[in-house]
Amino acid sequence: MASELAAKAQGAFFEDDFERAVDLYTQAIKLNPNDADLFADRAQANIKLGYFTEAVADANKAIEVDPSMAKAYLRKGTALLKHEEYYSAKAALEKGSSLAKDARFTKLIKECEERIAEENRDLNGSSVSNMVPQSLDRNFGNLEVAVQQQNETHQRKEKEAVNPKYRHAFYQKPEEVVVTIFAKGIPANYVTIDFGEQILSVTIDLPGDDVYHFQPRLFQKIVPDKCRYEVLSTKIEMRLAKAEPINWTSLEYVAEVVPQKINSPSESYRPTYPSSKPRGVDWDKLEAEVKKEEKDEKLDGDAALNKFFGDIYKSADEDMRRAMNKSFVESNGTVLSTDWKDVGSKEVVGSPPDGMELKKW
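Residues numbered from 1 in each chain as written. Predicted model: local features only at pLDDT ≥ 70, side-chain atom pairs only at ≥ 80, totals over all residues. Heavy atoms only, no water.

Regarding a nonpolar patch on the surface
Moving on, step 1. Among the surface-exposed residues, Phe-308, Phe-309, Phe-328, Val-329 and Leu-336 lie close enough to one another that they form a single nonpolar patch of about 480 Å² accessible area.
Moving on, step 2. Looking at the nonpolar patch, the elements that each hand over two or more residues are helix H11 (301-315) and helix H12 (318-330).
Moving on, step 3. Summarising the element assignment, Phe-328 is placed in helix H12. (Patch = residues over 30% accessible without salt bridge, like charges linked within 9 Å, V, L, I, M, F, W, Y side chains within 5 Å. Areas by Shrake-Rupley, 256 points an atom, 1.4 Å probe, with all protein chains shown as cover. Salt bridge = Lys/Arg side-chain N within 4 Å of Asp/Glu carboxyl O. Helix = DSSP H or I, 4+ residues; strand = E, 2+ residues; numbered from the N terminus.)

Okay, structure coming up:
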């Protein structure tokens, strides 16, 4: 069934119906999520639509499934190049070139080097006003089509942002930006996070639920190798290492904003939070409220039970902890006592629930 959907998707792609191709590839992936070709081919369709961050995420997934797939590195490098992530694009293309001999790698690597040279000249004061990127012209045929494709991308993202599935926020320090997605109870194995030169890609793919994507183009460049993330019980926290000590006035890239460097951060520096309000915000109070919210969070099932026992253990004295450990181990997890005088001098016998039999393994 997945192969039939893939064939239909390929037909839609050749007919320039890229939206339908993406939809069909998505259906095929749900049936066969370990097929690297499906992700690589959907990446190509996303590139044609101008959905470059989605294309990078698909290419990364294809590489995760099959690290030797040169085609996946070609898709990743192409998408990053279109997204003006020239250093990351060049690295991906060079890796792909080492896996397969393909003239397209050589051509695109050369284009990356030209763009990097142009970018360096711009940083040295060269004027680039009114310049139209040639890559857009080559990708879409002409500027008018390129603008239309970009507008469609923005409209789609704006529609998704009306009712976001998970709330997110960020704050910054001189050397890093901390991004938080408030998603409770998400198992870490359903979360995929990729760091690019100026891209953050977060995917939450829970079984039986719509896939959540958060893929902003970041305000400034980061150092992917130094970035890290942690999936917690109440949130997903990502720490982005800044490439330069620049003050981020927003999380996402804004063309009209001129970056301002942070000159001399002191030891007493507090994280700065962008705000459109004219007066200051008591961030210490906000932090306390967030911690209180996490403390008062209502959990269900095993999570609530584990938290209950954890709270007891944390506040217990040494004898209570010894009693809890001894009773739990000796009863095979069926008895939990906090009375050391009661259980300290005897073996604790297991007490299974009604209708169940206690077995020792």
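Looking at the sheet that holds strand S6 (residues 228-231)
By definition, the strands of a sheet pair up through backbone hydrogen bonds, in either a parallel or an antiparallel sense.
Moving on, step 1. Here we have 4 strands laid out as an open sheet, ordered S1-S2-S7-S6, and antiparallel in their pairing. The open sheet is flanked by strand S1 (167-172) and S6, the only strands paired with a single partner. Along the sheet, successive strands turn relative to each other by an average axial angle of 15°, direction set aside.
Moving on, step 2. For S1 and strand S2 (residues 176-182), the ladder comprises 6 bridges, and the chain directions are antiparallel. (Pairing = 2+ DSSP bridges. Axes fitted to C-alpha atoms, helices over the stretch in contact; angles between N-to-C directions.)

What to know about the pairing of strand S4 (residues 200-204)
Moving on, step 1. Counting buried residues along S4, 5 of its 5 residues qualify, which places the element largely inside the surrounding structure.
Moving on, step 2. Residues Leu-200, Val-202 and Ile-204 line one face of S4 and the alternating positions Ser-201 and Thr-203 line the opposite face, and both faces are buried.
Moving on, step 3. For strand S3 (residues 191-195) and S4, the ladder comprises 5 bridges, and the chain directions are antiparallel. From the neighbouring strand, Phe-195 faces S4, where its bridge partner is Leu-200.
Moving on, step 4. A loop of 4 residues connects S3 with S4, the two strands running antiparallel in sequence.
Moving on, step 5. Looking at chain direction, S4 and strand S5 (residues 212-214) are connected through 3 bridges and run antiparallel. Bridging from a neighbouring strand, Ile-204 pairs with Tyr-212 of S5. (Buried < 20%, exposed > 50% of the residue type's maximum accessible area, 1.4 Å probe, protein only.)

Some details on the pattern of salt bridges
Moving on, step 1. By the definition in use, this model includes 18 salt bridges.
Moving on, step 2. Linking Asp-102 and Arg-104 is a salt bridge whose minimum nitrogen-to-oxygen distance equals 2.8 Å.
Moving on, step 3. Relative accessible area serves as the criterion here: at 23%, Asp-102 is assigned to the partly exposed category.
Moving on, step 4. Taking the relative accessible area as the measure of exposure, Arg-104 reaches 47% and is therefore partly exposed.
Moving on, step 5. Of the charged contacts, one joins Arg-239 and Glu-237 as a salt bridge, the two residues approaching to 3.5 Å between their closest N and O atoms.
Moving on, step 6. Judged by its relative accessible area of 18%, Arg-239 is buried.
Moving on, step 7. One network of salt bridges, with partners in common, ties together Lys-173, Glu-176, Lys-235, Glu-237 and Arg-239.

Some remarks on the packing of aromatic side chains
Two descriptors summarise a pair of aromatic rings, namely the distance from one centre to the other and the angle between the planes of the rings.
Moving on, step 1. Going through the model one piece at a time under the given rule, you end up with 5 aromatic pairs.
Moving on, step 2. Both rings, one in Phe-13 and one in Phe-14, keep their centres 6.1 Å apart while their planes meet at 75°; by these two values the pair is edge-to-face.
Moving on, step 3. Owing to a relative accessible area of 60%, Phe-14 belongs among the exposed residues under this scheme.
Moving on, step 4. Here Tyr-166 and Tyr-212 contribute two aromatic rings whose centre-to-centre distance is 5.0 Å and whose plane-to-plane angle is 80°, an arrangement assigned as edge-to-face. (Phe/Tyr/Trp six-rings, centres within 6.5 Å; stacked < 30°, edge-to-face > 60°.)

Re H12
In an α-helix, one full turn covers 3.6 residues, which means residues spaced three or four apart are oriented alike.
Moving on, step 1. In this model, H12 (13 residues) spans 18 Å end to end at C-alpha, consistent with the 18 Å of a helix rising 1.5 Å per residue.
Moving on, step 2. Restricting attention to buried positions, one finds in H12 the residues Ala-323, Met-324, Lys-326 and Ser-327.
Moving on, step 3. Where H12 starts, the residue carrying a side-chain oxygen 3.3 Å from the main-chain nitrogen of Asp-319 turns out to be Asp-317.
Moving on, step 4. At the C-terminal side of H12, Asn-332 shows a positive phi close to 60°. (Expected span 1.5 Å × (residues − 1). Polar contact = N/O pair within 3.5 Å; in protein donor to acceptor, adjacent residues only side chain to side chain.)

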